[in-house]
Amino acid sequence: MRETSERFEGLAEAYNLYRPGYPDAAFDTLVAACATPARIALDLGAGPGNSTTALRRALPDDWLVFAAEPGRDMRRVLSRRFATQTGVQVIDACAEAVPLPDASAGLIVACTAFHWFDRTRFFAEARRVLAPGGVLALVRNRREATPLIAAFDGYIAEHSVTIYDYARREKTKEPSVRDLAA
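Summary of the structure given here. Just so it is clear, the model here is predicted, and its values are computed rather than measured. (Residues numbered from 1 in each chain as written. Predicted model: local features only at pLDDT ≥ 70, side-chain atom pairs only at ≥ 80, totals over all residues. Heavy atoms only, no water.)

1. A short note on the overall build of the protein chain
Stated formally: Runs of H or I in DSSP of at least four residues are treated as helices and runs of E of at least two as strands, each being numbered from the N terminus. Buried, partly exposed and exposed residues are distinguished by accessible area as a fraction of the type maximum, computed with a 1.4 Å probe on protein chains only: under 20%, between the cut-offs, and over 50%, respectively.
Of regular secondary structure, the protein chain possesses eight helices and five strands. Along its sequence from the N terminus, the protein chain presents helices and strands in the succession α-α-β-α-β-α-β-β-α-β-α-α-α. A burial count over the protein chain gives 45% of its 182 residues as buried.

2. Quick notes on the pairing of strand E2 (residues 64-68)
Just so we agree on the cut-off: Any two strands with at least two DSSP bridges between them are considered paired. Orienting the strands away from the viewer, one traces the path from the first strand over the helix to the second; a clockwise path indicates a right-handed crossover.
The buried fraction of E2 is high, at four of five residues. Bridging between strand E1 (residues 40-44) and E2 involves five bridges; their strand directions are parallel. The residue bridging Leu44 from the neighbouring strand is Ala68, located in E2. With respect to chirality, the unit in which E1 leads through helix H3 (residues 50-58) into the neighbouring parallel E2 is right-handed. One crossover worth recording links E2 to the parallel strand E3 (residues 88-91) by way of helix H4 (residues 72-81), and it is right-handed.

3. Details of the environment of Arg76
Applicable threshold: We call two N or O atoms a polar contact when they sit within 3.5 Å, provided that within protein one can donate a hydrogen and the other can accept it, with sequence-adjacent residues counted only if both atoms are side-chain atoms.
With respect to the helices, strands and loops of the structure, Arg76 is situated in helix H4. On the basis of relative accessibility, which here comes to 41%, the residue Arg76 falls in the partly exposed class. Residues Arg76 and Val90 lie 14 residues apart in sequence; the distance between their C-alpha atoms is 9.5 Å. At 3.0 Å, the side chain of Arg76 and the side chain of Glu13 are in polar contact.

4. What about the packing of helix H2 (residues 24-33) against H3?
Let me state the cut-off plainly: Whenever a helix is involved, its axis is fitted only over the stretch in contact; in every case the axis is a line through C-alpha atoms, and angles between N-to-C directions fall within 0 to 180 degrees. Note that the term roughly parallel is reserved for angles under 35 degrees, roughly antiparallel for angles over 145, roughly perpendicular for angles of 65 to 115, and oblique for everything else. When the near helix sits turned anticlockwise from the far one by under a right angle, the crossing is termed left-handed; a clockwise turn instead gives a right-handed crossing. The contact criterion used throughout is that any non-hydrogen atoms of two residues lie within 4.5 Å.
Taken N-terminus to C-terminus, the directions of H2 and H3 make an angle of 55°; their axes are 9 Å apart at the nearest point. Classified by the interaxial angle, the pair formed by H2 and H3 is oblique. Relative to H3, H2 is oriented so that their crossing is right-handed. Facing H2, whose interface residues are Asp24, Phe27, Asp28 and Val31, H3 presents Ser51, Ala54, Leu55, Arg57 and Ala58.

5. Section: the pattern of salt bridges
Basically, it comes down to this: For this analysis, a salt bridge means a side-chain nitrogen from Lys or Arg found within 4 Å of a carboxyl oxygen belonging to Asp or Glu.
Inspection of every chain in the model, using the stated rule, returns eight salt bridges. If you follow the salt bridges from partner to partner, you end up with Glu13, Asp73, Arg76 and Arg80 in one network.

Keep in mind that these numbers describe shape and distance, not what the molecule does.
Okay, structure coming up:
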C-alpha cells in the first residue's frame, strides 16, 4: 500500500470534509463480536480518520486504537484530528507491515482501503497481529445508485485517462471468496 499512498497527497483536507463516515452500529457490532482480552484495535488505511472516529466511539475506554496511515498528507490530518484525544495513536504504517507484536490486536478494521492492499501480504500480516478470538473486518461505503451518481460515473468514464469502467473498479474494492479463504 505504501506505493499507492502518494496518489492522495494534497487531498487529505477534502477527504476530511467530504468523505462519508461509517455507521456507529457497524462498529458496535464488531466490538461486541471480539472474544479476546486483547485491548488494541488497529485501523488500517485510516486516511483522515473518518473510520477511526467511529471506531474510537464504539470501543470501551480501556482500548487503545492504532490508526495506521502510510500517506503523509492523510497522516497529517489524522494526527491533527486526534492530537488532543487519548486512546488513539497515529502511526506511519501500511497494512502489510504493522509495527505491533504478534497476537496483540483484538480488532483489525480496514475501511474502504482494502483495494489498495497487497492482499497476500495483508492477510499474512493480519493473521500475525490478530489475537485469538479477535475480529478482522473489511468495511466499505457503497455509493447510492442515483441519477447524479450515474451522471458522475459517465463523466469519469468519458474524461478519465485511468478510470474508464467505474462500476468494474468499484467491484475490486471488495474481497473475493478466494481472498477470504486465504
